[in-house]
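# Remarks on the overall topology
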Amino acid sequence: LIIIPLVLMFSCSKDKLTPSSNIYNPSIVMLGDSQIKQIQGGFSGIPYSWSDLLNVDNVKNEGYNGYTMRDLYESHPLQNTLGFKPDKVFLMAGTNDCLNDGRQGAETCKDTVLYLDSICDKITSQGADVCFILPVPFTFEADSILNTGGILNDRIELMSQHLSDYCIEYNVEFVDFKGEL
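About the thresholds
Residues numbered from 1 in each chain as written. Predicted model: local features only at pLDDT ≥ 70, side-chain atom pairs only at ≥ 80, totals over all residues. Heavy atoms only, no water. Helix = DSSP H or I, 4+ residues; strand = E, 2+ residues; numbered from the N terminus. Buried < 20%, exposed > 50% of the residue type's maximum accessible area, 1.4 Å probe, protein only. Contact = heavy atoms within 4.5 Å. Polar contact = N/O pair within 3.5 Å; in protein donor to acceptor, adjacent residues only side chain to side chain. Arc of directions from axis to C-beta. Pairing = 2+ DSSP bridges. Axes fitted to C-alpha atoms, helices over the stretch in contact; angles between N-to-C directions. Core = buried A, V, L, I, M, F, W, Y, C linked by side-chain atoms within 4.5 Å. Phe/Tyr/Trp six-rings, centres within 6.5 Å; stacked < 30°, edge-to-face > 60°. Lys NZ or Arg CZ within 6 Å of the ring centre and 35° of its normal. Salt bridge = Lys/Arg side-chain N within 4 Å of Asp/Glu carboxyl O.

## A look at the overall build of the protein chain
Within the protein chain, the secondary structure is distributed over eight helices and five strands. For the protein chain, the sequential pattern of α-helices and β-strands runs α-β-α-α-β-α-α-β-α-α-β-α-β. The buried share of the protein chain, taken over its 181 residues, is 48%. Considering only intrachain contacts with a sequence separation of at least 6, the fraction spanning at least 24 residues in the protein chain is 76%.

Laid out in structure tokens, this is it:
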């Protein structure tokens, strides 16, 4: 996961990443699950933050362990994000939807895409841009317990395909790091 933000730094144009002058009004919000949360300077042994990686002041980290797309939509993370009135929101979720939901395949993906659509609508209705980061398959030895036999990665691949199809159809900017890892 350490590679992800380094690629992100080069995936978005600098002219869109203008820092806000008010710490309570960040120009960028990183909204998502634990893959977003872990990049916050010191958490999980990672010595840098999203601000460091993007070379922009006032990046707010709204990452929450275990959150699904539905959790982000229905609880405080999205409300917090909207309250900051950012210029750009990077959104990453979907892994926990695959992990936590007892349903399989397209049914889970369809529900997740509907929540993505609702989140994007709320963010863009306030004039902010959205860049969606597709869920990243597990690659580390420590993650093998969750990914027994590759089943979770298969679900993540299916989820990523549905989410990227949505992004393409509705012209939502997205980043896929799968090929970069």
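## Thoughts on the side chain of K88
Within the element layout of this structure, K88 appears in strand β3 (residues 88–92). Among the polar contacts made by the side chain of K88, one reaches the side chain of E173 at a distance of 2.7 Å.

## Here we look at helix α5 (residues 76–84)
One turn of an α-helix holds 3.6 residues; hence residues three or four places apart share an orientation. Among the residues of α5, those classed as buried are P77, L78, T81, L82 and F84. With its buried residues spanning 155 degrees around the axis, α5 presents them on a single face. K85, located one to two residues past α5, shows a positive phi value of around 50 degrees.

## Regarding the sheet that holds strand β5 (residues 173–175)
Two orientations exist for strands paired in a sheet by backbone hydrogen bonds: parallel and antiparallel. Pairing in this open sheet of five strands is parallel, and the strands run β2-β1-β3-β4-β5 from one edge to the other. The open sheet terminates on both sides in strands that have one partner only, identified here as β2 (59–63) and β5. For this sheet the average axis-to-axis angle between neighbouring strands, irrespective of direction, equals 20 degrees.

## Quick word on unusual backbone geometry
Notably, N58 is not glycine yet its phi reads approximately 60 degrees, a positive angle. Along the chain, N58 turns up in the loop between α3 (50–54) and β2. The class of N58 is buried, set by a relative accessible area of 18%. With phi around 50 degrees, K85 is a residue other than glycine that occupies positive phi space. Relative to the helices and strands, K85 resides in the loop between α5 and β3. A relative accessible area of 56% places K85 in the exposed class.

## Things to note about the nonpolar core
Across soluble globular proteins, nonpolar side chains show a tendency to be buried alongside one another. With 31 residues, the main nonpolar core has M69, L91, L116, I123, F132 and L163 as its most contacted residues. Those elements giving two or more residues to this core turn out to be β1 (28–32), α4 (69–74), α5, β3, α7 (105–125), β4 (129–133) and α8 (151–169). Beyond its immediate chain neighbours, meaning those up to four positions away, L116 contacts M69, L91, F132, L163, Y166 and C167. Core analysis: the next-biggest nonpolar cluster, separate from the first, contains 17 residues, W50, F90, M92 and V175 among them.

## Brief notes about the packing of aromatic side chains
Under the definition given, this model contains three aromatic pairs. With a centroid separation of 5.8 Å and 50 degrees between ring planes, the pair formed by Y73 and Y115 is classed as tilted. Taken together, the residues span a long stretch of sequence, with Y73 in helix α4 and Y115 in helix α7 at a distance of 42 residues. Look at Y166 and Y170: their rings are 5.0 Å apart centre to centre, the planes differ by 35 degrees, and that puts the pair in the tilted class. Its end group placed over the ring of F90, K88 keeps NZ or CZ at 5.6 Å from the ring centre.

## Examining the pattern of salt bridges
Following the criterion strictly, the structure yields three salt bridges and no others. One salt bridge in this structure joins K60 and E62, with 3.8 Å as the shortest N-O distance. Overall, E62 belongs to the buried group, its relative accessible area being 3%. Among the salt bridges present, the one from R70 reaches E74, with a minimum N-O distance of 3.1 Å. Here R70 pairs with E74, and both are found in helix α4, just four residues apart, close to one helical turn.

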